[in-house]
Amino acid sequence: MERTTTIAGVRVRVAEARSAGARIGLVPTMGALHAGHLSLVERCRDLADLVVVSIFVNPTQFGPGEDLDAYPRDLEGDEAALRALGPAAPDVVFAPAVDEVYPRDPVTTVSVRGLDQVLCGVSRPTHFDGVTTVVTKLLNIVQPDVAVFGRKDFQQLTILRRMVADLDVPVELVGGPIVREPDGVAMSSRNRYLEGVDRTAARALSRALRAAVAAARAARAAGEVPSSGVLRDAATVRLRAEPGARIDYVEVLDPDTLAPPPDGADRWLVAVAAFVGPARLIDNVVVGERADEDALLAATDDR
Ligand code: PAF
C-alpha cells in the first residue's frame, strides 16, 4: 500500500495499472475510518484489481457552523486500519491537501437538482453540491471502473447515481450495506463525538427504523400493504420516546426517486436524522428489501 498526495501521482499509478489491463476501483472517504469504510474497501477489492482509497475532508460539503474544523483527522491511524486488511488492503491511498484539490476558488460546481432538496438537503442546503462536485473531481482524477459508497448515506448514493447517469460518467457505482455497532447504532465517523448518555441515546435511530420494519411486517401478516403513514408513525413514535434525540426528520420516500412513494409501491426508504449531543446522526432502511430489513433486525433490539 502506498500513499500519494498529488493528483499527478495517483494518475501515474492508475495509468500504469490500466495499461497492464487492471480494473480500477475507488472508495472515496473523508477518513476517520471505521468498520463500515473497511467493508467498502473489501467489497471494492472483490470488484477491482487496483484499489484506490481517497482520504480527503472536503471543505465544500460543510456548511457554515458545521463541524469542518472538528471533523476527526488521523491519516496514520487510517492507513494502519487499511493495512490491517491484509490481502484486501488498497493499493493506493490518495490523501491530497485542500490546495491540491482546490488550487483556486472553484466557480464550477456540479448540482443535482431536486434530489438535494429533501431529507438532509433541507437542513444542509449546500452539502450535496459540495459532495457532487468533489466526487466528480475524484472520478475525473482516478477514472475508476467502479466506485463503492456506503448505503448509510443513502441520499448521497441516490444523487451520485443520478449524476453519473445524467453526465454519462463511465463508472459503475456500488452501494455497500450499513455496518452497525453491537448495539445497532450505524457506524459513522461522527459517533466519535458521542459519550455517555448521548451514545446511549444514539440507539434510538436504529430502533426507530426497527419499529418501522416491525409495523410493515405486522401489516403484511394482516394481509395489508404497509402504508407510508404507518411506517412514518412507527418510527416517529419510537424516536420521540428518546429525550436525548432531537428529530431533524423522519421520512418515508421512494428509494429510487426520493419522491413520495407512488400508489402500489413495494419498497419504501425509511430515513431518519436526529441531533444527539454534539452530533447530527442519520440512518435508514429500505422496507420491502428483505435483506436490508433482515440485516437491521439482526443488528438491533427493541429494548
Ligand atoms: O461519504 C463521504 O465520506 C463523503 O461525502 C465523500 C463521498 C467521500 C465525498 O467527500
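Residues numbered from 1 in each chain as written. Predicted model: local features only at pLDDT ≥ 70, side-chain atom pairs only at ≥ 80, totals over all residues. Heavy atoms only, no water.

The subject of this paragraph is the overall build of the protein chain. The secondary structure content of the protein chain amounts to 11 helices and 9 strands. For the protein chain, whose C-alpha radius of gyration is 19 Å, the value lies close to the compact-globule estimate of 19 Å for 303 residues. Here the C-alpha coordinates of the protein chain stretch approximately 60 × 40 × 40 Å along the principal axes. Across the protein chain, contacts joining residues at least 24 apart in sequence account for 72% of those joining residues at least 6 apart. By element, 52% of the accessible surface of the protein chain is carried by carbon and sulfur atoms, the whole surface being about 13,700 Å². Of note, the protein chain has its 34 positive side-chain charges centred 1 Å away from the centre of its 43 negative side-chain charges. (Helix = DSSP H or I, 4+ residues; strand = E, 2+ residues; numbered from the N terminus. Rg over C-alpha atoms; globule rule 2.2 N^0.38 Å. Contact = heavy atoms within 4.5 Å. Areas by Shrake-Rupley, 256 points an atom, 1.4 Å probe, with all protein chains shown as cover. Lys, Arg positive; Asp, Glu negative; His and termini not counted. Charge placed at Lys NZ, Arg CZ, Asp CG, Glu CD.)

This part takes up the side chain of Asp254. When you line up the elements, Asp254 lands in the loop between strand E7 (245-253) and strand E8 (268-276). The side chain of Asp254 is buried and forms no salt bridge, while Arg267, the nearest opposite charge, is found at 5.3 Å. A polar contact of 2.7 Å, which involves the side chain of Asp254, links it to the backbone nitrogen of Asp256. With residues up to four places along the chain from it excluded, the contact list for Asp254 reads Ala259, Pro260, Pro261 and Pro262. (Buried < 20%, exposed > 50% of the residue type's maximum accessible area, 1.4 Å probe, protein only. Salt bridge = Lys/Arg side-chain N within 4 Å of Asp/Glu carboxyl O. Polar contact = N/O pair within 3.5 Å; in protein donor to acceptor, adjacent residues only side chain to side chain.)

Burial analysis of strand E9 (residues 279-287) places 9 of its 9 residues in the buried class, which makes it a mostly covered element. The alternating pattern of E9 places Ala279, Leu281, Asp283, Val285 and Val287 on one face and Arg280, Ile282, Asn284 and Val286 on the opposite face, and all of these are buried. Relative to E9, E8 runs antiparallel, the two sharing 9 bridges. Across the sheet, the residue bridging to Ala274 is Leu281, located in E9. Where E8 hands over to E9, the hairpin turn is made up of 2 residues, of which Gly277 adopts a positive phi near 55°. (Pairing = 2+ DSSP bridges.)

So, about the site of the ligand. In the region of the ligand, the neighbouring residues are Pro28, Thr29, Met30, Asn58, Gln61, Val131, Val134, Val135, Phe149, Asp153 and Gln156. A distance of 2.7 Å separates an oxygen atom of the ligand from a polar side-chain atom of Gln156. Starting from 290 Å² of accessible surface for the ligand in isolation, the protein chains cover 89%. Listing elements by their share of the shell around the ligand, those giving two or more residues are strand E2 (24-29) and helix H6 (127-142). (Near = heavy atom within 4 Å.)

Before going further, it helps to spend a moment on the sheet that holds strand E6 (residues 172-176). The 6 strands lie next to each other as E1-E4-E3-E2-E5-E6, forming an open sheet whose pairing is parallel. Only two strands of the sheet have a single partner each, and these edge strands are strand E1 (2-4) and E6. Taking the axes of each pair of neighbouring strands and ignoring which way they run, one obtains an average angle of 25° across the sheet. Judged from the 3 bridges that link them, E1 and strand E4 (residues 92-94) form a sheet pairing that is parallel. Bridged to Thr4 within E4 is Phe94. Where helix H2 (residues 35-47) meets the sheet, it contacts E2, strand E3 (50-55), strand E5 (146-150) and E6, and its direction lies at approximately 155° from that of E5. Running at roughly 155° to E3, helix H3 (residues 75-83) makes contact with E1, E3 and E4 of the sheet. (Axes fitted to C-alpha atoms, helices over the stretch in contact; angles between N-to-C directions.)

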